[in-house]
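Here is how the chains run, residue by residue.
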Amino acid sequence: MNMIVACDRNWGIGYQNKLLVSIPADMKFFREMTTGNVVVMGRKTLESFPNGLPLMNRTNIVLTENREYKVKGAIICHTMEEVLEKLKEYPSEDIYIIGGESIYRQFLPYCDVVHVTKIDHAYLADAYFPNLDELEDWQITADSEEQTYFDLEYTFYKYERKEN
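Residues numbered from 1 in each chain as written. Predicted model: local features only at pLDDT ≥ 70, side-chain atom pairs only at ≥ 80, totals over all residues. Heavy atoms only, no water.

Turning our attention to the sheet that holds strand β3 (residues 18–19). Within the open sheet, the three strands sit side by side as β3-β2-β9. Their pairing is antiparallel. Across the chains shown, the open sheet's two edge strands, defined by having one partner strand only, are β3 and β9 (127–128). (Pairing = 2+ DSSP bridges. Helix = DSSP H or I, 4+ residues; strand = E, 2+ residues; numbered from the N terminus.)

This is how it looks when you write it as structure tokens:
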């Protein structure tokens, strides 16, 4: 299973249910990686999308404790176990966990690859991704050249879980 995330230098990922910044090349990378695949998210992440609608050309799985919650075009699950059972129907490499914070934390133990866009700036954030640089079972296996969007510098990293 994969995760995909954009974070600032403090591993901040969001503020008031919005991304910290929108970088076109990062959005393009996200689209290229997830289109045609399965995306797993929490309710608040889904509601942060344009019109609160599921992402097109992907299988959208939403985890929410709200048993009344329904969204056309999305598979709604109410427990971690329910999501994991549903995910057995898909190849692991086609699954992308896309947030938010609690979803990332719950699914990190099940993932082997994390695609991180690291933005060299510190934003005001209220949601964070686990700091993979401080977790000894993760290592960077690929990175891009540093990119620039206006005055922001960022780098794409691929983290992989170390073999035991």
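There's more to say after this.
Considering all chains together, one arrives at one cavity of 30 Å³ or more under this definition. The computed volume of the largest cavity comes to approximately 60 Å³. If you go around the largest cavity, the residues you meet are A6, C7, D8, G12, I13, L19, L20, V21, I119 and Y123. Put simply, the parts of the chain that give the lining of the largest cavity at least two residues each are β1 (2–7) and β2 (12–15). When its residues are assigned to classes, the lining of the largest cavity shows eight nonpolar, one polar and one charged. (1 Å grid on protein atoms, 1.4 Å probe; cavity = no way out; pocket = protein on both sides within 12 Å on 5 of 7 lines; lining within 4 Å. Points joined across faces, edges and corners; volume = space filled by probe spheres on them. Nonpolar A, V, L, I, M, F, W, Y, C, P; charged D, E, K, R; others polar.)

This part takes up unusual backbone geometry. Along the chain, G99 connects to G100 via a cis peptide bond; the corresponding omega equals 0 degrees. With respect to the element layout, G100 can be found in the loop between β7 (95–97) and α4 (101–107). Phi at W11 is positive, roughly 65 degrees, even though this residue is not glycine. Examined against the element boundaries, W11 turns out to sit in the loop between β1 and β2. One non-glycine residue, N51, adopts positive backbone phi at about 60 degrees. Its place among the elements puts N51 in the loop between α2 (43–48) and β5 (59–63). Here N51 falls in the exposed class, since its relative accessible area comes to 74%. (Buried < 20%, exposed > 50% of the residue type's maximum accessible area, 1.4 Å probe, protein only.)

A word on the pairing of β2. Two elements, β2 and β9, share two bridges in a ladder whose sense is antiparallel. Its bridge partner being in β9, G14 is matched across the sheet by A127. Pairing of β2 with β3 involves two bridges; the strand directions are antiparallel. If you follow G14 over to β3, its bridge partner there is L19. The antiparallel pairing of β2 with β3 creates a hairpin that spans two residues between the two strands, and Q16 there sits at a positive phi of about 50 degrees.

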